[in-house]
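Examination of the molecular architecture
Below, each chain spelled out in residue letters.
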Amino acid sequence: MAGIVDIIYLTATLLILGGAVAAILFVVNSISAFTSTTKEKLKSKGYDVSRKGVAVQTQKRFNREDYVDATQRGLVKAFGASSYGKASSDGSGPSSDKLQVSCIIHDPRCRNLVLSFL
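Values in this document were obtained by computation on a predicted structure and should not be read as measured data.

**Details of the overall build of the chain**
The helix and strand tally for the chain stands at two helices and four strands. Along the chain, helices (α) and strands (β) appear in the sequence α-β-β-α-β-β when read from the amino end. Long-range contacts, defined as pairs at least 24 residues apart, comprise 23% of the intrachain contacts of the chain with a sequence gap of at least 6.

Here's what the structure looks like:
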C-alpha cells in the first residue's frame with residue numbers, strides 16, 4: 001500500500017514532467033509563430049519562402065539578352081578583381097603584367113560564352 005510520501009513524490013514527478021512538456025510546447029509554438037510572421041513580412045516585401053526554396057518577385061522582366069549581359073558584366077568584374085602573372089621581385093604579390101580581359105562575346109549559335117583575352 002502506498003503511503004502519503006509516495007503519493008507526494010508521484011505528484012511532484014508528474015508536475016515536473018508536465019512542466020517540461022509544457023515548456024517544450026511553448027518554445028515550439030513560439031518558434032513557429034516567429035517563423036510564420038517572418039514569412040509574412042518577407043512575402044509583403046516580395047520574397048516567398050517555402051520548403052522548396054525562395055521565390056523572388058521583381059518589378060521588371062529580364063529577357064535572355066539582359067540576362068547574358070548581366071552575367072558578362074559579373075564575369076568581367078570577377079576577372080578584374082582577380083590577379084594573374086608572376087610574383088613581383090619583392091615577393092609581395094603579382095607584378096603589373098596582369099592578364100587583361102578584352103571582351104566577352106555571346107555566340108547564339110553554340111549558346112556558349114566565348115572569352116577573348118589579350
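**Brief notes about the pairing of strand β1 (residues 47-50)**
Bridge count for β1 against strand β2 (residues 53-56) is four bridges, and the pairing is antiparallel. Paired with V49 across the strands is V54, a residue of β2.

**Things to note about the environment of T58**
Counting through the fold element by element, T58 comes out in the loop between β2 and α2 (64-81). The exposure class assigned to T58 is exposed, which follows from its relative accessible area of 53%. Here the alpha-carbon distance between T58 and Y47, two residues 11 residues apart in the chain, equals 9.3 Å.

**Section: a nonpolar patch on the surface**
Taken together, the side chains of I4, V5, I8 and Y9 define a hydrophobic patch exposed on the protein surface, amounting to about 450 Å² of accessible area. Within the element layout of this structure, Y9 appears in helix α1 (residues 4-44).

**Things to note about the confidence of the model for the chain**
Confidence along the chain averages 76 in pLDDT terms, with 69% of residues attaining 70 or more. Within the chain, strand β4 (residues 112-117) has the poorest average pLDDT of any element, 46, and α1 the best, 95. Low pLDDT (under 50) marks residues 96-104, which in the prediction has 24 contacts with non-local residues, meaning those over four places away or in another chain. pLDDT under 50 marks residues 106-118. Its contacts with residues more than four places away, or in other chains, come to 32 contacts.

Conventions we followed
- Residues numbered from 1 in each chain as written.
- Predicted model: local features only at pLDDT ≥ 70, side-chain atom pairs only at ≥ 80, totals over all residues.
- Heavy atoms only, no water.
- Helix = DSSP H or I, 4+ residues; strand = E, 2+ residues; numbered from the N terminus.
- Contact = heavy atoms within 4.5 Å.
- Pairing = 2+ DSSP bridges.
- Buried < 20%, exposed > 50% of the residue type's maximum accessible area, 1.4 Å probe, protein only.
- Patch = residues over 30% accessible without salt bridge, like charges linked within 9 Å, V, L, I, M, F, W, Y side chains within 5 Å.
- Areas by Shrake-Rupley, 256 points an atom, 1.4 Å probe, with all protein chains shown as cover.
- Salt bridge = Lys/Arg side-chain N within 4 Å of Asp/Glu carboxyl O.
- pLDDT = per-residue confidence, 0-100.

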